[in-house]
Amino acid sequence: MRFCYIRTKNNYAPDKHLIDGLGENGHTVIEIIEENLGIKKYAQLGAKFLKNKGSCDAVIVGYTLPHFVPLIRFLTRKKIIFSAVASQYEASVISRNNQNPWSLRAVKMWLIDFFSFHLSSKILLESGAQVNFLHDLLIIPRKKLVRSWIGVDEKVFF
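In this text, all values refer to a predicted model and were calculated from it rather than measured experimentally.

## Here we look at the pairing of strand β5 (residues 122-125)
Note: strand β4 (residues 79-85) against β5, three bridges, orientation parallel. Among the inter-strand pairings, I81 is bridged to a residue of β5, identified as K122. Across three bridges, β5 lies against strand β6 (residues 145-147) in parallel orientation. From the neighbouring strand, L125 faces β6, where its bridge partner is R147. The β-α-β motif built from β5, the intervening helix α6 (residues 128-138) and the parallel element β6 has right-handed crossover chirality.

Here it is as structure tokens:
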């Protein structure tokens, strides 16, 4: 199978681990990487994706791009796998307690999670507890939520 893997310039462990694993299992991974910031990043990623759209069977969106899932859904009917790792709402509002749960910013994060998760075909998460939590919080079917084993880059770790 051929995948378009869309991510930012930072080589985060969940993205690298998944890309390496797909390659080791015989899949082709076309990486679409963008270094720009802000709205320009999304325009550039969209343009790069459109150039590679025909050469992949499915799209994987890296975990730093939850805002990008709705745009990809608009650009293609292919399966979208969102390597979410965790929820933006959970990370900022619940875990770090940075926001009041009913503040405008918290509601915005919940909506970003809601749309990015619902518009994806599959969502990769860190743990079974997150699968259960996000099933309840965002009303997502369990069959879309997958616990994904996250490892380390052994070349760097050792």
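## Things to note about the packing of aromatic side chains
A full pass over the atoms with the stated rule returns four aromatic pairs. Centroid distance F114 to F115: 5.5 Å. Interplanar angle 85 degrees. Geometry classified as edge-to-face. The class of F114 is partly exposed, set by a relative accessible area of 22%. According to the relative accessible area criterion, F115 is partly exposed, its value standing at 43%.

## Some details on the sheet that holds strand β3 (residues 58-61)
Sheet architecture is open: six strands sit in the order β2-β1-β3-β4-β5-β6, paired in parallel fashion. This sheet does not close on itself; its edge strands, each paired only once, are β2 (28-34) and β6. The sheet shows a mean angle of 25 degrees between the axes of neighbouring strands, taken without regard to direction. Here helix α1 (residues 13-24) sits on the sheet in contact with β1 (2-8), β2, β3, β4 and β5, set at roughly 165 degrees to β1. Seen against the sheet, helix α2 (residues 38-52) touches β1, β2 and β3 and runs at an angle of roughly 150 degrees to β2.

## Re the pattern of salt bridges
Tallied over the full model, the rule gives four salt bridges. D57 is the salt-bridge partner of R2, the closest N and O atoms lying 3.1 Å from each other. Here the residue R2 occupies a position in strand β1, and D57 occupies one in the loop between α2 and β3, the gap between them amounting to 55 residues.

## With respect to unusual backbone geometry
At V85, a position not held by glycine, the phi torsion is positive, near 65 degrees. Among the secondary structure elements, V85 is positioned in strand β4. Notably, I139 is not glycine yet its phi reads approximately 55 degrees, a positive angle. Tracing the backbone through its elements, the reader meets I139 in the loop between α6 and β6.

Rules behind the numbers
- Residue numbers here run from 1 along each chain, matching the order of that chain's written sequence.
- Residues qualify for local features only when their pLDDT is at least 70, as the model is predicted, and side-chain atom pairs are given and counted only at 80 or more; totals for whole chains, interfaces and linings, by contrast, use all residues.
- By convention in this description, side-chain values take in all heavy atoms of the structure and omit both hydrogens and water.
- By this definition, two strands are paired if DSSP reports at least two bridges between them.
- Comment: elements are numbered from the N terminus, with helices defined as DSSP H or I runs of at least four residues and strands as E runs of at least two.
- By convention, orient the strands away from the viewer: a clockwise path from the first strand over the helix to the second makes the crossover right-handed.
- Note on aromatic pairs: the rings of Phe, Tyr and Trp (six-membered ring only in Trp) are paired at centre separations within 6.5 Å, and the planes decide the class, stacked below 30 degrees, edge-to-face beyond 60, tilted for the rest.
- Buried means the residue's accessible area, taken with a 1.4 Å probe over protein chains only, is under 20% of the maximum for its type, while exposed means over 50%, and partly exposed covers the values in between.
- Angles shown run from 0 to 180 degrees and are taken between the N-to-C directions of axes, each axis being a line fitted to C-alpha atoms and, for helices, limited to the stretch in contact.
- Any two residues whose heavy atoms approach within 4.5 Å at even a single point are treated as in contact.
- One side-chain nitrogen of Lys or Arg within 4 Å of one carboxyl oxygen of Asp or Glu is enough to make a salt bridge.

Note that every value here comes from positions in space, so none of it alone points to a role or purpose.
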